[in-house]
Amino acid sequence: MSVSFEVETNTHKVLKFMSRACFAAVNHVVTTRDSRDGVAIQRITYKPFYQNIYDKDIDAYIDTHHMNPTMSWDLANKWWDYMLSLPFVSELLPNNQSNHVEAYKQGFKVDCNANADRVMLVLFLLRLPQFSSGIVRSWARLVSYHKAHPDTAFVIALGLNNRDPNCDYREGEEQNNPETCLTAQMVDRISSQTCSENSVIYNEYFTIRGAKILLNRLTSQEPDKSLFNGKQESFSRCSKYLRYGKTEPRAIGRLLVKHPSKSYRRGNFTLKVIKDILKVDRVLRFDDCLYLNRNECNINPSQMQEIISLIES
């Protein structure tokens, strides 16, 4: 999967990046000489699902919107509507974004007048339908099927970290229909795998206590800026973000992770769910999760209600 975006500087210069592996190319837009001349990045426009792909009918590469069968515009639209309801995200999108799908196709203009790690995290959240469709579908299923509050569903979906959707189908059902997977046929599952650098949160460090802080102090209409405003310099001032390794507390994937721990005793989310709710007793450390089979990570409806109650308590 690749990402396309545009970068606009304060000199009104616009650079377009098509089908890049990640957003890291923004770090090379403003050179040292440009910086001395006062050039800075003003905004980054994320272009959802816009790709440079090969069209075999015309034997050429074309720029077009391309969506995997695991996602739909309707579902992505629901996610983006929810994202824009959170001040943590919407404060960085000063231009009022329409709730129509066509407007989303034109791109999200993210203001860079904020700390660089927060700017990147907002871009990661907006990109989730494209890069981690399973998390978005887990969120939608928690809301529609398990009747969880959207904020609670958001926190739990991040904790479950199902980046790739998991589905079971009845015979004769269309396996490429993403809407089918929002019903009871979708498998609720917690990921036992580690995260990549571009993950929204690193589940190795995500805890039950941190999940409750996320629910109460980020998703509110007055998010706690002392916790979630970021620690890096303003993007519009430095025109780049720092890429720390996953073990570094300043890594982007740990901005939303408060009271981090890889320990069961200290309440690591993955370990607590697998050991206490799914009753997989042999899991003692996070590394033990890597050896679980898929069925051991499945969550039935009553177990999901336990998780919801645990986060909301």
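The coordinates are above.
Let us look at the structure shown here. Since we're looking at a predicted model, the values are computed, not measured.

**Some thoughts on the environment of L284**
Thinking step 1. Secondary-structure assignment places L284 in the loop between α11 (269-277) and α12 (301-312).
Thinking step 2. Setting aside residues up to four positions removed in sequence, L284 forms contacts with Y264, L271 and K275.

**A word on the pairing of strand β2 (residues 14-20)**
Residues in a regular strand point their side chains to alternate faces of the sheet.
Thinking step 1. Inspection of the sheet shows strand β1 (residues 3-9) paired to β2 by five bridges, in the antiparallel sense. Each residue of the ladder has a partner; that of E8, found in β2, is V14.
Thinking step 2. Connecting β1 to the next strand, β2, in antiparallel fashion are four residues, including H12 with a positive phi near 70°.

**Regarding unusual backbone geometry**
Thinking step 1. The phi angle at S19 is positive, at roughly 50°, despite the residue not being glycine.
Thinking step 2. In this structure, S19 sits in strand β2.
Thinking step 3. Positive phi outside glycine occurs at K147, with the angle close to 60°.
Thinking step 4. Position of K147 among the secondary structure elements: in the loop between α6 (133-144) and α7 (150-160).
Thinking step 5. A relative accessible area of 67% means that K147 is categorised as exposed.

**What about the side chain of E8?**
Thinking step 1. With respect to the secondary-structure elements, E8 resides in strand β1.
Thinking step 2. Within the local environment of E8, its side chain forms a polar contact with the side chain of R43, the two groups lying 2.9 Å apart.
Thinking step 3. Those residues in contact with E8, other than ones at most four positions away along the chain, are K13, V14, A40, I41, Q42 and R43.

Criteria and thresholds
Residues numbered from 1 in each chain as written. Predicted model: local features only at pLDDT ≥ 70, side-chain atom pairs only at ≥ 80, totals over all residues. Heavy atoms only, no water. Helix = DSSP H or I, 4+ residues; strand = E, 2+ residues; numbered from the N terminus. Contact = heavy atoms within 4.5 Å. Pairing = 2+ DSSP bridges. Buried < 20%, exposed > 50% of the residue type's maximum accessible area, 1.4 Å probe, protein only. Polar contact = N/O pair within 3.5 Å; in protein donor to acceptor, adjacent residues only side chain to side chain.

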